[in-house]
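Structural features, examined
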Amino acid sequence: MWRDKRLRCSVLSALRSLVFASFLIGSLAACAPRTGIPSELGARLVASGFASPDEVVAPPDHSGRLFVVDQVGLIWILSGGKRLDKPFLDIRDRIVELMPFYDERGLLGLAFHPQFATNGLFYLYYSAPLRPGLSSDAWDHTTRVSEFKVSSQDANLADASSERILLSIDKPGYNDEGGGLAFGPDGYLYIGTGDSIHDPATHAGQYAQDTYSLLGKILRVDVNTDDTGVNTTSATLQYHIPPGNPFIHGGGSPEVFAYGFRNPYRLTFDQGPSASTMRLIVTDVGQAVMEEADVVVSGGNYGWPVREGTTCFNPRQWNQPLPRCASAGLVDPVLEYPHAGKASAIIGGVVYRGTALHGLYGDFVFGDWGRGIQSLFAAVPQPDESGQWPIQRMRVVIPGSQGGQLLGLGVDENHELYMLAKDPGIGPVGNTGRVYQIVWP
């Protein structure tokens, strides 16, 4: 999900150097911010008492509700500004046992079907226990992408027995889990899978460049039923393969839409250079040197483990980038920033299309796990992807708060911005998780 602190703390300390600090300051100063981007924002507490809230999603049903995904295996509904008493869904018994100190596994992604208002279907990405028959010496758990349905008796409750497992992916490690889910304007489901590895010290980037592996990828599948009511292209697949997928005729797994990712934790669709185009924007958490966001296209190779951002990755000494690498054919990120200061893992983001935050309309808003909840960033999308998006930092003022870990960003049905957080220094335990709405200070 975010970052394995035990493996990386020595690396991060080495990165907090004058060189990288100067790089960050210089790169931001060189980007002339668009007039009107606020330097300061406020935050209003909406709900609390969660363990580790990692996503907030508005259903496409004009109900005004917000669904909060809690990593431990719960989904809660916010309605009328309050959390409902009963969870919408509880699948804690289907989640792999999470480590209280730190864990990147759990319930990580939620996407509502575009026709959710009429069919009641939604989709989850979660980490289940390792399926039988695999050795725990080589494998850690099995990730599931599953379809569920709302209860026919209560629109605020899901039918837990309705689960239909679409996809099961065995994972060697507990890290770099991915978890992004979103429906595109084409009606297909896009899935971000991490390059989960058994030993990060020696196997970094083991699967991301293998187009036959489903790890380290953006997948695209068609979950819509055919006339017989069966979602299958074979006896074992619970979905169709979209006809435009790049490897449908060979050269890779037909589900793969794009590859070369380390940890595509979140993905979002937004209007591109014209009203008739849509961009798929993916935030990919880096290893040791750089964080990045990418505009993803069919068949694109986004570089991991050859590069982090545009920096050549050194698998033997993570904090010492190689001077050159074979970058031909790799797609450059639209934004990147180094691990300077406390920066360590990109969180979010979303393109703001609301009306309350003057000056942010059309900007890509994101944060960083290491920097916490008192900073967000706005990147200004450019008409094409030939250059990087200018970035500006925004201070977040939270009354009565001494800080916290930033876990996610999301928007409501009016496209207003929300932030998810919990107290620092703990894993997916306790009840310090909070949901804030971002407002003017």
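Shown above is the structure to which this text applies.
About the criteria used
Starting from 1, residues in each chain are numbered consecutively following that chain's sequence as written. Totals for whole chains, interfaces and linings use every residue, but because this is a predicted model, local features are given only for residues with pLDDT of at least 70 and side-chain atom pairs only at 80 or more, for both listing and counting. Only hydrogens and water are removed before side-chain values are computed, so all heavy atoms of the structure are retained for them. Strands qualify as paired when DSSP identifies two bridges or more between them. Comment: elements are numbered from the N terminus, with helices defined as DSSP H or I runs of at least four residues and strands as E runs of at least two. Each axis is a line fitted through C-alpha atoms, taken for helices only over the stretch in contact, and angles between the N-to-C directions span 0 to 180 degrees. Throughout, exposure labels follow a simple rule: accessible area from a 1.4 Å probe, protein chains only, divided by the maximum for the residue type, with under 20% read as buried, over 50% as exposed, and the rest as partly exposed. Whether two residues are in contact is decided by their heavy atoms: any pair within 4.5 Å suffices. Here a salt bridge means any side-chain nitrogen of Lys or Arg lying within 4 Å of a carboxyl oxygen belonging to Asp or Glu.

If you trace the four strands from one edge of the open sheet to the other, you get β11-β12-β13-β14, paired in antiparallel fashion. Sheet topology places β11 (178-183) and β14 (256-259) at the edges, where each strand pairs with a single neighbour. Shown here is a sheet whose adjacent strand axes are inclined to one another by a mean of 15°, direction ignored. In this structure, β11 lies alongside strand β12 (residues 189-193), joined through four bridges in antiparallel fashion. Along β12, the bridge assignment pairs Gly178 with Thr193.

This next bit is on the pairing of strand β16 (residues 278-284). In terms of burial, β16 is largely enclosed, as six of its seven residues are buried. As paired strands, β16 and strand β17 (residues 290-295) are joined by four bridges and run antiparallel to one another. By the bridge assignment for β17, Asp284 is matched with Glu292. Taking the residues that link successive antiparallel strands as the turn, the β16-β17 hairpin has five residues.

Time to look at the sheet that holds strand β8 (residues 121-129). Strand order in the open sheet made by the four strands is β7-β8-β9-β10, with antiparallel pairing throughout. Lying at the two open borders of the sheet, with one neighbouring strand each, are β7 (107-112) and β10 (158-171). Each adjacent strand pair in this sheet contributes to an overall mean axis angle of 25°, direction not counted. As judged from the five bridges shared by β7 and β8, these two strands associate in the antiparallel manner. Bridge pairing links Gly109 to Tyr125 in β8.

With that settled, the discussion passes to the environment of Leu45. Checked against the element boundaries, Leu45 lands in strand β1 (residues 40-50). A residue is classified by how much of its surface remains accessible, and Leu45, at 46% relative accessible area, is partly exposed. Spatially, the C-alpha atoms of Leu45 and Arg434 are 7.3 Å apart, while their sequence positions differ by 389 residues. Apart from residues no more than four positions distant in its own chain, Leu45 is found in contact with Arg434, Val435 and Tyr436.

A cis amide bond links Trp304 to the next residue, Pro305, at an omega of 5°. Relative to the helices and strands, Pro305 is located in the loop between β17 and β18 (307-308). Cis geometry is found at the peptide bond from Gly348 to Gly349, where omega equals 0°. Checked against the element boundaries, Gly349 lands in strand β21 (residues 346-351). A positive phi angle, near 60°, is found at His62, a position not held by glycine. With respect to the helices and strands, His62 occurs in the loop between β2 (53-57) and β3 (66-70).

Let us look at the pattern of salt bridges. Under the defined criterion, the tally for this structure stands at 17 salt bridges. Between Asp54 and Arg266 there is a salt bridge whose closest N-O contact spans 3.8 Å. Of this pair, Asp54 sits in strand β2 while Arg266 is found in strand β15 (residues 264-271), placing the two residues 212 residues apart along the sequence. Residue Asp54 shares its accessibility class with Arg266, and that shared class is buried. Its salt-bridge partner being Arg131, residue Asp170 comes within 2.8 Å of it at the nearest N-O pair. Of this pair, Asp170 sits in strand β10 while Arg131 sits in the loop between β8 and β9 (141-150), and the two are 39 residues apart along the sequence. Residue Asp170 is classed as buried on the basis of its relative accessible area, which comes to 17%. On the basis of relative accessible area, Arg131 is assigned to the partly exposed category, the value being 40%.

Any functional reading would require information beyond the geometric quantities listed.
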